[in-house]
Amino acid sequence: MTIKFDPHVHSKHSYDGVLSPQRILKIAKQRALDAIAITDHNTIKGGLQAKSIKQDNILIIVGSEVNTDYGDVIGLFLNEELKSQRFEELIDEIRDQGGNSVLPHPYRRKRFPGNKLIKTVDIIEGINGRTSKELNVKAQDLANKLEKPTIAGSDAHISFELGRVWNLAGSMSNCNEDDLRKIILEGKFETGGITSPLLQKISIISGAAIKRLKG
């Protein structure tokens, strides 16, 4: 069974997002995604709400993207809100929940964590839909250097971004959390999609406008 998934999606529960969980599920189905992680800023509300919607097409992973002293960290496979905003403590908190940590867009942060901190992260986002090719290549090089699995995430905040970059796993017997987690941690999948400069610019401008409107 082949599974196509996007592990970095934001709903209206993010300060710069507009999509309802219902809308996210509809778009994901249209774009032939089998699984998504809803990773709202500093909350798991979007993921929990999506999980509560009765449907059997899309596997929902509950996540959250938290701003720490060394930039954003994503927790996947969560069941409780994350509380810490210190990088090292947050990694431990994610692990204590039985979740996995992702370093998203590594080179888009004001303070860069040292190798000692980065090594505590489970996964590095090697392709981010809102990040330049140059910085994505640097992220992939970092993951290779540290021998960490890489993942691609759309970082979708609006509809056209969802599933714009994706991961494709072809060795799953069925689409469930345990199998998907194993595939991700072992890096047994392919990545693909579109990360053109024009689309990135549209994404960033749109995100800034949404943030102002919601603020």
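Refer to the structure printed above.
The present account deals with the structure reproduced in this document.

The rules behind the values
Residues numbered from 1 in each chain as written. Predicted model: local features only at pLDDT ≥ 70, side-chain atom pairs only at ≥ 80, totals over all residues. Heavy atoms only, no water. Helix = DSSP H or I, 4+ residues; strand = E, 2+ residues; numbered from the N terminus. Buried < 20%, exposed > 50% of the residue type's maximum accessible area, 1.4 Å probe, protein only. Contact = heavy atoms within 4.5 Å. Lys, Arg positive; Asp, Glu negative; His and termini not counted. Charge placed at Lys NZ, Arg CZ, Asp CG, Glu CD. Phe/Tyr/Trp six-rings, centres within 6.5 Å; stacked < 30°, edge-to-face > 60°. Pairing = 2+ DSSP bridges. Axes fitted to C-alpha atoms, helices over the stretch in contact; angles between N-to-C directions. Patch = residues over 30% accessible without salt bridge, like charges linked within 9 Å, V, L, I, M, F, W, Y side chains within 5 Å. Areas by Shrake-Rupley, 256 points an atom, 1.4 Å probe, with all protein chains shown as cover. Salt bridge = Lys/Arg side-chain N within 4 Å of Asp/Glu carboxyl O. Arc of directions from axis to C-beta.

## Some thoughts on the overall build of the protein
Then step 1. Within the protein one finds 7 helices and 9 strands.
Then step 2. Based on the C-alpha atoms only, the size of the protein along its principal axes is roughly 45 × 40 × 35 Å.
Then step 3. The buried share of the protein, taken over its 215 residues, is 52%.
Then step 4. Here the contacts in the protein between residues at least 6 apart in sequence split such that 65% fall between residues at least 24 apart.
Then step 5. Put simply, the protein has 31 plus and 27 minus side-chain charges, and the middle of one group is 6 Å from the middle of the other.

## Quick notes on the packing of aromatic side chains
Then step 1. Following the criterion strictly, the structure yields 3 aromatic pairs and no others.
Then step 2. Summarising the aromatic geometry, the rings of tyrosine 70 and phenylalanine 87 are spaced 6.2 Å apart at their centres and angled 90 degrees between planes, so their arrangement reads as edge-to-face. Placement of tyrosine 70 in the loop between strand 3 (59–68) and strand 4 (71–76) and of phenylalanine 87 in helix 3 (residues 87–96) is noted, with a sequence separation of 17 residues between them.
Then step 3. With relative accessibility at 1%, the residue phenylalanine 87 sits in the buried group.

## As for the sheet that holds strand 4
Then step 1. Reading across from one edge, 7-6-5-4-3-2-1-8-9 is the order of the 9 strands in this open sheet, with mixed pairing throughout. On the outer flanks of this sheet lie strand 7 (150–153) and strand 9 (190–193), each paired with one strand and no other. For this sheet, the mean inter-axis angle between neighbouring strands, taken without regard to orientation, is 30 degrees.
Then step 2. The pairing of strand 6 (residues 123–128) with strand 7 spans 4 bridges and is classified as parallel. Looking across to strand 7, one finds that glutamate 125 is bridged to isoleucine 151.

## Points about a nonpolar patch on the surface
Then step 1. On the surface, Phe160, Leu198 and Ile202 cluster together to form a nonpolar patch covering roughly 260 Å² of accessible area.
Then step 2. Inspection of the secondary structure assignment puts phenylalanine 160 in the loop between strand 7 and strand 8 (165–169).

## A few points about helix 3
Because an α-helix completes one turn every 3.6 residues, residues spaced three or four positions apart along the sequence face the same direction.
Then step 1. Buried residues of helix 3: Phe87, Leu90, Ile91, Glu93 and Ile94, and no others. Projected down its long axis, helix 3 shows its buried positions confined to an angular sector of 160 degrees, all on one face.
Then step 2. Its buried side turned inward, helix 3 meets strand 3, strand 4, strand 5 (100–103) and helix 4 (115–118).
Then step 3. Backbone geometry just after helix 3 places glycine 98 at a positive phi near 80 degrees.

## A look at the pattern of salt bridges
Then step 1. Per the stated rule, a full pass over the model turns up 6 salt bridges.
Then step 2. For the salt bridge of arginine 108 with aspartate 155, the shortest nitrogen-to-oxygen distance reads 3.9 Å. Separated by 47 residues along the polypeptide, arginine 108 in the loop between strand 5 and helix 4 and aspartate 155 in the loop between strand 7 and strand 8 bring together distant segments of the chain.
Then step 3. Here lysine 188 makes a salt bridge to glutamate 186, at a shortest N to O gap of 3.1 Å.
Then step 4. Under the relative-accessibility criterion, lysine 188 is labelled partly exposed at 48%.

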